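Tertiary structure, described
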Amino acid sequence: MMKKTALALKKARPMGPSRRLWKYASAGVGIGLLALAHPATAADLPVKAPVPYLPDAPYNWNGWYVGAHAAVIRGDSNWSATPPGGPAVAGSFALPFNFDFMAGTGSYGLGLQGGYNYVLPSRVMLGVEADVTAPNSDVLVPYSVKGGQTVISPAIGQVSYNEAVIHYGSARARLGYAFDDFLLYGTGGLAWSYDQLTRTQVAAAAPGGIAAPGTVEDRLLWRLGWAAGIGIEIPVTAKWTAKAEYLWTGFPQKTTTFTSAAESYQSNLSMESIRVGLNYRLEDANPIPELLAKGGSALETDRFAVHGQATYLNQYAPPFPAPYSGTNSLTPNQGRETTDVTVFAGAKLWQGAELWVTPEIDQGFGLSGSVGAAGFPSGEAYKVGADYPYTRLQRAFIRQTIDLGGDTQKVDAGLMNFAGSQTADRLVITVGKFGVVDVFDNNKYAHDPRNDFLNWTLIDTGTFDYAADAWAYTVGGAVEWYTGPWTFRGGIFDMSIAPNATTLDSRFGQFQWDGEVERRYSIFDQPGKIAITGFLTRARMGSFEDAILLAAMTGGPADITAVRQYQSRGGISMNLEQQIVENFGFFARAGWADGHKEPYEFTDVDRTVAAGFSLAGKLWGRDDDTWGIAGVVNGISDVHQAFLDAGGLGILVGDGQLPHPGNEGIFETYYSFPWFVSKVTLDYQLIVNPAYNRDRGPVSVLGVRMHSQF
């Protein structure tokens, strides 16, 4: 997995009661999903093969199950507003279905469910199920399942009313009939939704009104109601079933008050969703202890595969010297957490072609909103963090492998791989939405923040300013040619609409070329490889010299956004991995990038050198443990330093001044070990001169990570 790039600024807010309820509720359902996982290491991604379903016997639907679903959602709301002393105003609006592939937004969601089935001798099925769903969001403009209406009335002026769904769920009974090879059912029960109501005073009423123009007021609202639907479920393997379901939820009228306008607001809400999902059957009467100890099996058939992962990370930065701070400064004595759950769904299309789609639920913040160090300490953190869980479609791509000859190699099943075989010489073409570092700058010892190191500039080369949206994914294509010990890679990828933005350029007018040459070899029968990676970005970006000159004329801080123009920025890097002996490996990275123009997507590094070691626990009798230790030195150009000293802000750095610049040095060590079906990692990082500032720090960062996958 790639590092999660954090981009546009959003500070943390205290977690409200609904966020805590979601966290606990989803954790309860998620325990079952996590229980399917088995401990994963960075080098060991194969999964257990499933037991196939034999269709010549009736499927056994009895027992507990857990699973996940994806949904498309639409809704309607009828409302009325009563201002003080004035007549009521009423209306209605839709929460329409929408989808924007380049922005990654739409009225869709990802959720978890769990339940119990009991089949009578008559084949009538009685069951119960509870579920919870997190709709999509782009965080900066939150909540994609939403709608609104603008009205004009003499009593209230011009006002816009809006409602957005933050998360919702249900607890339902299921009644159905179990045919030999499918289950048909109806379902109904209780539903709940947690929504945000927004009132915006666009223009004042004729007498002047109570709320001033531009006044925006939010209200968070719990709704309780009913759910009903129908569905069909079919067995895929002996353990896994797939389902399709239509679900209607209705919530009766509820009243709230917008205090700025002294206005009473009443509204109802109904939603419809079409869901597709998977359930994993738990056979034992008390299955959780057994699953926590041994884990479950992944879903993989001849044509389809579904895997999943869940990662929780908590980091804390104790107090450290900080005589002054700026907008992008790291805050002392602060803790933050992140959580993500990812589904990896794949299908074989034709010979050598695979389609992979990976929706993900994310929640949480990096330290200080993911600013304060160019080598940020959490590759699991987005800078567009949120204190509510939300869904993103991170990947949707087709990969075509064309065998060209040579030795046949076995391919194990993995998170985004089907089990099979390929030839040593081959052509691999990847097209769609994915991460540039899914293909480029890979290193077996330092590349996966869910399994190995956490620091951004250790898991990827700090100067590799790869194309990405705010979640580190982009749209484009890559070609890889494997021939003997060599691999040649090339790709073209879309940039975001502006540096560090959340939306990709839909016209592809801003783009990046990437190229890589890799050479594999052996030294004393120990395998290794070295890769040289280069990039060239064509986009609207600013020059540090121009920003400094403009600041001198205006007397304000240097503003890179005011001097952006269409131009190029490039860089080159080296990536080495070398096994020293079995279970003991070394890695190194070094890179350079143009230090006269602003980095566009990744982080504020113009030159970098990193190196480290990874030791497997087999060396001391603990086969599943891993110990890693590494260091990195990041630097920036003189004009980049002058820009920061003039008050400029970078992607992650900017303390308001930089009178005493210095290279940023980072040390990281981690130790990971299995715990039930998870991998627990204890991590420590020391950051010297954070954000290139000798006046601040050094900073210690303590971290605990839990990761499971199946």
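Quick caveat, the model's predicted, so the values are computed rather than measured.

Definitions and limits used
- What you see as residue numbers is a count from 1 along each chain, following the sequence as written.
- Only residues with pLDDT of 70 or above have their local features reported here, since the model is predicted, and side-chain atom pairs are shown and tallied only from 80 upward, although totals for entire chains, interfaces and linings are computed over all residues.
- In computing side-chain properties, one takes all heavy atoms of the structure into account and sets aside hydrogens as well as water.
- We call a set of buried residues a nonpolar core when its members are Ala, Val, Leu, Ile, Met, Phe, Trp, Tyr or Cys and they connect through side-chain atoms within 4.5 Å of each other.
- For each residue, the accessible area found with a 1.4 Å probe, counting protein chains only, is set against the maximum for its type, and the residue is called buried under 20%, exposed over 50%, and partly exposed in between.
- Salt bridge criterion: a side-chain nitrogen from Lys or Arg within 4 Å of a carboxyl oxygen from Asp or Glu.
- By the criteria applied, helices consist of DSSP H or I runs no shorter than four residues and strands consist of E runs no shorter than two, each listed in order from the N terminus.
- Two rings belonging to Phe, Tyr or Trp (six-membered ring only in the last case) form a pair when the distance between their centres is within 6.5 Å. Interplanar angles under 30 degrees mark stacking, angles over 60 mark edge-to-face geometry, and anything in between is tilted.

**Concerning the nonpolar core**
Ranked by size, the top nonpolar core spans 66 residues in total, and within it Phe-453 and Tyr-466 carry the most contacts. Core analysis: the next-biggest nonpolar cluster, separate from the first, contains 24 residues, Phe-93, Val-145, Ala-191 and Phe-251 among them.

**Details of the pattern of salt bridges**
Pairing of side chains with opposite charge becomes possible as their charged atoms draw close. Summed over all chains, the structure comprises 34 salt bridges. With its nearest N and O atoms 3.2 Å apart, the salt bridge here joins Arg-450 to Glu-380. Remark: Glu-380 occurs in the loop between β16 (353-364) and β17 (386-411) and Arg-450 occurs in the loop between α3 (436-439) and α4 (456-459); sequence separation between them is 70 residues. A single burial state applies to Arg-450 and to Glu-380, both of which are buried. Residue Asp-655 is joined to Arg-696 by a salt bridge in which the shortest nitrogen-to-oxygen separation is 3.8 Å. Here Arg-696 lies in the loop between β28 (678-688) and β29 (699-709) and Asp-655 lies in the loop between α6 (638-645) and β27 (664-675), a separation of 41 residues in the sequence. Looking at Asp-655, the relative accessible area reads 5%, which means it is buried. We classify Arg-696 as buried; its relative accessible area is 2%. Taken together, the salt bridges that share partners define one network made up of Glu-129, Asp-131, Arg-172, Arg-174, Glu-233, Lys-243, Glu-245 and Arg-275.

**Observations concerning the packing of aromatic side chains**
Tallying each qualifying case throughout the model produces 37 aromatic pairs. Each ring, one from Phe-99 and one from Phe-101, has its centre 6.5 Å from the other, and the planes form 50°; the classification is tilted. Ring centres of Phe-376 and Trp-456 lie 5.8 Å apart, and the angle between their planes is 70°; this geometry places the pair in the edge-to-face category. Of this pair, Phe-376 sits in the loop between β16 and β17 while Trp-456 sits in helix α4, placing them 80 residues apart in sequence.

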